[in-house]
Amino acid sequence: MAKIPIIIDTDTAQDDCVTILLGLLDPAADLRAITMVAGNVAFEQQVANAHLTLNVAGRLGQVPVFTGCRRPMLREWASAQDVHGDGSGGLSMDLADIEAPDEHAVNALLRLTAEASGELSIIAIGPLTNLATAVVMDRSFAGRVKRLYIMGGSNNGRGNITPSAEFNFYVDPDAAQIVLDAGFADVHMVPWAPLTLRDATIARADYDRLCAIGTPLARFFQRICDATIDYDESVGVDGSTHPDSLTLAVLLHPELVREEAPYRVDVETASELTRGMSTMAWEKFGLAPNARVVEAVDPAAFRTLLHDLLSIPTAPTRPIAGL
Ligand code: BDR
Ligand code: CA
């Protein structure tokens, strides 16, 4: 099977970690780079979480982790620390000798896509600041990306950080709009609602079964997801939410998708009340589509994919305190 070359652009905490594991261990994926963007938790904590994830998969030092934009384009950073804690369940490891590459993540995105023009797919599972900055810096960047998969927005549905806005689009709505206007050839979107809430939320009994698999990956999964499932249940969501790993899963395994349709997606950048809200206009409105929005996936197949992933017997590269 030919592997799909990918870059993951991430604000690494909880499900971002699961996504990196999928990129490292799914036989269909060839993870070329991780690029970090400001989002879920403190920037250096996110970088540590990415290395921790590489470590638990036995791949520490084998995939470059480029540090990127440390704040949104125009706004102050807003975090999701109330949702994720530190994003790694308090796990830690010795990071003293781990140095970030000198190259900024945006420069790395520009270089890697120039070296393999038309070959790389990008999975964007945080605020879109790095990608928008790459678009602003180089007008040919968008044309060099084979496919862009975005976790963001809601399909005219409820938000999670405000009533109307999903977190990634809320944090940097200006970047999201720049990316949506940039002319990427093949954009797919995984929205928070209704898709993730309905098809990628793992109810407590199934969650407990995943956590009990008995591998280092399953123990890691439990540690990183416990804070989030507690938070989600406290706000009426029935389980552990996995929007980011679903985004990579549908790229690697398009047979998971049951419904997907072209939409014109735009993001509110002017109002404070509805900042980051996404409107997704379907064909009735006659607007030129700029993305294909995933509307339904096979929930059982997605759970099986996570089960298979967490069952892989990895050996962490170096000790992880608390695991
Ligand atoms: C998105 O926000 C973050 O908290 C998650 O990592 C995910 O990318 C969901 O709204
Ligand atoms: Ca994320």
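Not measured: the values here are computed from a predicted model.

Draft legend 1. View of the coordination of the calcium ion (ligand 2). Within the protein, Asp11 (OD), Asp16 (OD), Asp16 (OD), Ile125 (O) and Asp244 (OD) serve as the donor atoms for the calcium ion (ligand 2), at 2.2 to 2.7 Å. Summarised as a motif, the one-chain spacing of the donors to the calcium ion (ligand 2) is D-x4-D-x108-I-x118-D. Of this pair, Asp16 sits in helix α1 (residues 15-25) while Asp244 sits in helix α12 (residues 243-252), and the two are 228 residues apart along the sequence. With relative accessibility at 1%, the residue Asp16 sits in the buried group. Residue Asp244 is classed as buried on the basis of its relative accessible area, which comes to 6%.

Draft legend 2. Region of the structure containing the pattern of salt bridges. As enumerated under the stated definition, the model contains 17 salt bridges in all. Residues Arg75 and Asp174 are paired through a salt bridge, measuring 2.9 Å at the closest nitrogen-oxygen approach. Separated by 99 residues along the polypeptide, Arg75 in the loop between β3 (65-67) and α3 (81-84) and Asp174 in helix α8 (residues 173-180) bring together distant segments of the chain. On the basis of relative accessibility, which here comes to 13%, the residue Arg75 falls in the buried class. Across the pair Arg204 and Asp230 runs a salt bridge whose closest N-O atoms are separated by 3.2 Å. Taken together, the positions of Arg204 in helix α10 (residues 204-211) and Asp230 in helix α11 (residues 216-234) put the pair 26 residues apart, joining distant regions of the chain. Put simply, Arg75, Asp174 and Glu272 are held in one network by salt bridges that share partners.

Draft legend 3. Looking closely at the site of ligand 1. Around ligand 1, the neighbouring residues are Asp16, Asn40, His84, Ile125, Met151, Asn160, Glu166, Phe167, Asn168, Trp192 and Asp244. Within the side chain of His84, an N or O atom sits 2.9 Å from an oxygen atom of ligand 1. Coverage of ligand 1 by the protein amounts to 94% of the 280 Å² it exposes when considered alone. Among the cavities detected, the one that contains ligand 1 is the largest pocket. Residue classes in the shell around ligand 1 are distributed as four nonpolar, four polar and three charged.

Draft legend 4. Seen up close, α10. Along α10, the residues classified as buried are Tyr207, Leu210 and Cys211. Seen along its axis, α10 keeps its buried residues to an arc of 100°; they face one direction. Of the surrounding secondary structure, the elements contacted by the buried residues of α10 are β7 (201-202), α11, β8 (240-241) and α13 (299-310).

Draft legend 5. Molecular detail of the sheet that holds strand β9 (residues 257-267). Taken in spatial order, the nine strands line up as β3-β2-β1-β4-β5-β6-β11-β9-β10 in an open sheet, and their pairing is mixed. The sheet is open, and its two edges are formed by β3 and β10 (278-281), each paired on a single side. Strand-to-strand twist across the sheet, computed as the mean angle between neighbouring axes with direction ignored, equals 30°. As defined by bridge partners, β9 adjoins strand β11 (residues 291-297) across six bridges and the pair is classed as antiparallel. Bridge assignment links Glu260 to a residue of β11, and that residue is Val294. Contacts between helix α9 (residues 192-199) and the sheet are confined to β5 (147-151), β6 (187-190) and β11, with β11 contributing the most and set at about 30° to the helix.

Thresholds applied
- Residues numbered from 1 in each chain as written.
- Chains lettered and ligands numbered in written order.
- Predicted model: local features only at pLDDT ≥ 70, side-chain atom pairs only at ≥ 80, totals over all residues.
- Heavy atoms only, no water.
- Donors = N, O, S within 2.8 Å, 3.2 Å for Na, K, Ca; no water.
- Helix = DSSP H or I, 4+ residues; strand = E, 2+ residues; numbered from the N terminus.
- Buried < 20%, exposed > 50% of the residue type's maximum accessible area, 1.4 Å probe, protein only.
- Salt bridge = Lys/Arg side-chain N within 4 Å of Asp/Glu carboxyl O.
- Near = heavy atom within 4 Å.
- Polar contact = N/O pair within 3.5 Å; in protein donor to acceptor, adjacent residues only side chain to side chain.
- Areas by Shrake-Rupley, 256 points an atom, 1.4 Å probe, with all protein chains shown as cover.
- 1 Å grid on protein atoms, 1.4 Å probe; cavity = no way out; pocket = protein on both sides within 12 Å on 5 of 7 lines; lining within 4 Å.
- Sits in = over half its atoms within 2 Å of the grid points.
- Nonpolar A, V, L, I, M, F, W, Y, C, P; charged D, E, K, R; others polar.
- Arc of directions from axis to C-beta.
- Contact = heavy atoms within 4.5 Å.
- Pairing = 2+ DSSP bridges.
- Axes fitted to C-alpha atoms, helices over the stretch in contact; angles between N-to-C directions.

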